[in-house]
Structures are given as structure tokens and as C-alpha cells.
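# What the coordinates show
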Amino acid sequence: MSYKLYLLPALLLTACTAADPAAEFQSKLSTLCGNTYTGQVVSEDPQDEDWRKEDLTLGPVRCEGARIEMPLAVGADTSRTWVLEPKGEGLHFYHIHAHSDGTEDAVSRYGGMAVIKSGVRATFPADEFTKELFVRENIPVSVPNVWSFDVNPGVQLAYELNRPGRHFRAEFDLTKAD
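Attention in this report is confined to the structure presented alongside it. Quick caveat, the model's predicted, so the values are computed rather than measured. (Residues numbered from 1 in each chain as written. Predicted model: local features only at pLDDT ≥ 70, side-chain atom pairs only at ≥ 80, totals over all residues. Heavy atoms only, no water.)

### Remarks on the nonpolar core
Looking at soluble globular proteins, one finds that nonpolar side chains tend to be buried together. Applied cut-off: What we call a nonpolar core is a set of buried Ala, Val, Leu, Ile, Met, Phe, Trp, Tyr and Cys residues that are connected through their side-chain atoms within 4.5 Å. Relative accessibility under 20% of the residue-type maximum defines a buried residue, over 50% an exposed one, and the middle range a partly exposed one, all with a 1.4 Å probe and only protein chains included. Helix and strand definitions follow DSSP, with helices as H or I runs of at least four residues and strands as E runs of at least two, each counted in order from the N terminus. In this analysis, two residues are considered to be in contact whenever any of their non-hydrogen atoms come within 4.5 Å of each other.
Among the nonpolar cores identified, the biggest contains 34 residues, and Met70, Trp82, Trp147, Phe149, Leu157 and Phe172 are the most heavily contacted of them. Per element, the largest residue contribution to this core is 4 residues, and it comes from strand 4 (residues 67-74). If near-sequence neighbours (up to four positions away) are discounted, Phe172 is found in contact with Tyr37, Thr38, Gly39, Leu56, Leu58, Leu72, Trp82, Val155, Gln156 and Leu157.

If you want it as C-alpha cells, here you go:
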């Protein structure tokens, strides 16, 4: 009978994690904090050829409370940062794009609220702000964008962009943190 008492905490932890995939996803992402990772574009869309030729560097990942900032360098271009932070009852993801002088680009802060069905994958359909931004900046093809992250701590982080006629995927090696 006493061995069953030892199993109770493990069963409760499993039940809580399974009941809250958003908390599990955020917990897995937080394992990236303070580290830098290398990656590569693995999708084969012809318009990604320039990125495929470059080294991708993610980080150092900065975490402040539940906010996670992931600077992304594509070769020498360090103009991008991915941000995930709590907003209301959910998790908001957005892109920050900056010019070389540090000023923010007109097409910046676009993203969406998380749809999380498992603790390893979150998708972010474009929110209303993003859709309006893309229309205003004359890039309506991006209105149906859906971004996603797959995280397997200590193994791999994958980032995707999907919309009709477009698929982009980059994978980052989490086995080697700098």
C-alpha cells in the first residue's frame, strides 16, 4: 500500500501537465533561456534559397518572467527578434524587425495568439493587428499566415511559417548550447 503513496505525486504532476498544455509548452521553451543555438532552413521553397545559404543563430535567448525573447541572426543580419509573452489568458507571439540603425521597421510586431493543443507545439494564426498591418503595408498575401513552434528540450526547436502556397521551416539544434 505504501508504494502507491509514492506514485501519487507523479500521477498528479502528469495530470496537471496534461491538463495545461500551454503551461507545459512555456515550461519547455524556458529551457532555452540564456543559451544560443545554431540552425538551418530545412524547407525547400525556392524563395528561401538565400536563407538556406546562411547560418542561423538563435539567441542568446532572454527570459524575463514569462516573457521570452529569441534574437534571430540570418548570417550577419541581426535585425529579427521573436517574442513570446503572456497576454490576457493566452500566449502572444510576435516578430520585431529593426533597421541596421536600431529603429523599428514599419513591418514589425506582427504575430498572433497561441493555439496550443499539446505541450510540444503551438500555432499562432495572424491576429487582427497583423492582418491590418499586412494590408496597410501592401503584403496581403501574408494575411493568412500561421506561425508555429515545435519544442523538444535538449533536442530541437523548429519554427514554421505556413499559408496557402507557402511553407517555411527552420530547425535549431538544442543539443549544443553556446
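That covers the picture; the talk isn't over yet.
### A look at the packing of aromatic side chains
Keep this limit in mind: Between rings of Phe, Tyr and Trp, where Trp is taken as its six-membered ring, a pair exists when centres lie within 6.5 Å; planes separated by under 30 degrees are stacked, by over 60 edge-to-face, and by other angles tilted.
Considering all chains together, one arrives at 13 aromatic pairs under this definition. The interplanar angle of 90° and the centroid separation of 5.0 Å between the aromatic rings of Phe93 and Phe149 together place this pair among those described as edge-to-face. Taken together, the residues Phe93 in strand 6 (residues 90-97) and Phe149 in strand 10 (residues 146-152) connect sequence positions 56 residues apart. Side by side, Phe93 and Phe149 carry an identical accessibility label, which is buried. Through successive ring pairs, a cluster of aromatic residues spans Trp51, Trp82, Phe93, Tyr110, Phe124, Phe134, Trp147, Phe149, Tyr159, Phe168 and Phe172.

### Comments concerning the pairing of strand 1 (residues 37-41)
Heads up, the condition is: Here, strands pair whenever DSSP counts at least two bridges between them.
Side chains Tyr37, Gly39 and Val41 of strand 1 all project onto a buried face; the interleaved residues Thr38 and Gln40 project onto a face where none is buried. When strand 1 meets strand 2 (residues 56-58), the two strands line up antiparallel, connected through 3 bridges. From the neighbouring strand, Gly39 faces strand 2, where its bridge partner is Leu56. In this structure, strand 1 lies alongside strand 12 (residues 166-173), joined through 3 bridges in antiparallel fashion. By the bridge assignment, Val41 is partnered in strand 12 with Ala170.

### Some remarks on helix 4 (residues 128-136)
Condition: In this description, the arc belongs to the directions extending from the helix axis to the C-beta atoms.
All buried positions along helix 4 are accounted for by Thr130, Leu133 and Phe134. The arc that holds the buried residues of helix 4, viewed along the axis, is 95°, so those residues lie on one side. In helix 4, the exposed positions that point more than 90 degrees away from the buried face belong to Glu128, Glu132, Val135 and Arg136. On its buried face, helix 4 is in contact with strand 7 (110-113) and strand 10. Of the residues flanking the end of helix 4, it is Asn138, one or two places downstream, whose phi is positive at about 65°.

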